[in-house]
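Residue-level structure breakdown
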Amino acid sequence: MNLELPETKILDFTKLAGSELYVDENAEREITGEIRKYGSAGIHFLDNGNYHYVTRLFLHEINEPFDLIYFDNHSDDQPPAFEGLKSCGSWVLDAENEISEMRSVTWIDGKGDIHEKGCRQKDRAVYISLDKDVFMKSIAPTNWDQGELDLEDFTERLEELVKDRRIAGIDICGECAAKDGFFEKRELEQNRETDIKLFKYFTILAERHERDG
């Protein structure tokens, strides 16, 4: 999706086999090869929630101890149904098993409740991941069942969690998906409007943390 924002780079994997919902070794290798050119820093849009596993690939690019904070209507820490494949629903569990530098995980669910594993520390970098299915549908319709948060709920909780923290990277997923090969114009417009708000908000947040840190 073209957000018409400055300094954006589009990586197109829409024709890559083995990359939707579940990711196989070949697809992961190709996606990782492209991600490695850019690293974890910046703001990354990952398309719809079927690709939330890409967050794990960005986390592998952080070469220092860090904490993960993610907003999602689903915990995404469930074992995949098919052995040998990793999925959009297992990426947190996979990251916990693979990435020793990830020292804590904080999940904020669709009701705004906070679930923590490990202990966050202010001297560590923090990576932020947002699945827009945490929002009510009027904010951004997605391809998964959705939570109850609005943008103000989200920003209030996030800023409490990342106060005085250095940000290692940010990603956003949860775009709407095609239905019978077509996108609904209203859903595209709602998502685009929310994406622009989020991009501007995260840009200001990251700049402020870099300046103050």
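As shown above, the structure is provided for reference.
So, here's what we can say about the structure. (Residues numbered from 1 in each chain as written. Predicted model: local features only at pLDDT ≥ 70, side-chain atom pairs only at ≥ 80, totals over all residues. Heavy atoms only, no water.)

A short note on the overall build of the protein
The helix and strand tally for the protein stands at five helices and eight strands. Scanning the protein from its N terminus toward the C terminus, one meets helices and strands in the order β-α-β-α-β-β-α-β-β-β-α-β-α. Against the globule reference of 17 Å for 213 residues, the protein gives a C-alpha radius of gyration of 16 Å, in line with a compact fold. Expressed along its principal axes, the backbone C-alpha trace of the protein runs to roughly 50 × 40 × 35 Å. Burial analysis of the protein (213 residues in total) assigns 48% to the buried set. Expressed as a percentage of contacts within the protein between residues at least 6 apart in sequence, the contacts between residues at least 24 apart total 72%. Total accessible area on the protein stands at roughly 11300 Å², and carbon and sulfur atoms take up 48% of it. Both charge centroids of the protein, one from 27 positive and one from 47 negative side chains, sit 3 Å from each other. (Helix = DSSP H or I, 4+ residues; strand = E, 2+ residues; numbered from the N terminus. Rg over C-alpha atoms; globule rule 2.2 N^0.38 Å. Buried < 20%, exposed > 50% of the residue type's maximum accessible area, 1.4 Å probe, protein only. Contact = heavy atoms within 4.5 Å. Areas by Shrake-Rupley, 256 points an atom, 1.4 Å probe, with all protein chains shown as cover. Lys, Arg positive; Asp, Glu negative; His and termini not counted. Charge placed at Lys NZ, Arg CZ, Asp CG, Glu CD.)

Focus on unusual backbone geometry
Positive phi, close to 75°, is recorded for Asp47, a residue that is not glycine. By the element assignment, Asp47 lies in the loop between strand E2 (43–45) and helix H2 (54–59). Taking relative accessible area as the criterion, Asp47 reaches 38% and is therefore assigned partly exposed. Although it is not a glycine, Asp180 sits at a positive phi angle of roughly 55°.

Quick word on the sheet that holds strand E6 (residues 114–117)
Strand order in this open sheet of six strands is E2-E8-E7-E3-E5-E6, and the pairing throughout is mixed. Of all strands in the sheet, those bounded by a partner on one side alone are E2 and E6. Strand-to-strand twist across the sheet, computed as the mean angle between neighbouring axes with direction ignored, equals 15°. Relative to E6, strand E5 (residues 102–108) is paired through four bridges, and the arrangement is antiparallel. The partner of Thr106 across the bridge, within E6, is Glu116. This element, helix H4 (residues 151–162), spans strand E3 (66–71), E5, E6 and strand E7 (125–131) of the sheet and lies at about 170° to E3. Relative to the sheet, helix H5 (residues 185–212) contacts E2, E7 and strand E8 (166–173), its axis offset from that of E8 by approximately 175°. (Pairing = 2+ DSSP bridges. Axes fitted to C-alpha atoms, helices over the stretch in contact; angles between N-to-C directions.)

Observations regarding the nonpolar core
Grouped together as the largest cluster of nonpolar side chains are 27 residues, with contacts concentrated most on Leu59, Phe66, Leu68 and Met102. Mapped by element, the contributors of at least two residues to this core are helix H1 (25–35), H2, E3, helix H3 (91–98), E5, E7 and E8. Those residues in contact with Phe66 that lie beyond four places of it in its chain are Leu59, Ile99, Glu101, Met102, Arg103, Ser104, Arg124, Ala125 and Tyr127. Val134, Ile139, Ile167 and Leu198 belong to the second largest nonpolar core, which has 22 residues in total. (Core = buried A, V, L, I, M, F, W, Y, C linked by side-chain atoms within 4.5 Å.)

Observations regarding the state of the cysteines
Counted according to the given criterion, the structure contains zero disulfides. Take Cys88: it sits in no disulfide, and the sulfur closest to it among the cysteines is that of Cys173, at 8.6 Å. Take Cys173: its relative accessible area is 0%, and that puts it in the buried class. (Disulfide = S-S within 2.5 Å.)

Quick word on the side chain of Ser87
When you line up the elements, Ser87 lands in strand E4 (residues 86–87). Setting aside anything within four residues of it in sequence, one finds Ser87 in contact with Leu21, Tyr22, Tyr53, Pro80 and Asp94.

Things to note about H1
Of all the positions in H1, only Ala27, Glu28, Ile31, Thr32 and Ile35 are classed as buried. The arc that holds every buried residue of H1, seen down its axis, measures 125°, which confines them to one face. Facing away from the buried side of H1 by over 90 degrees, the exposed positions are Glu25, Asn26 and Arg29. Residue Asp24 occupies the N-cap position of H1, its side-chain oxygen lying 3.2 Å from the main-chain nitrogen of Asn26. (Arc of directions from axis to C-beta. Polar contact = N/O pair within 3.5 Å; in protein donor to acceptor, adjacent residues only side chain to side chain.)

Function cannot be inferred from these measures alone, as they are strictly geometric.
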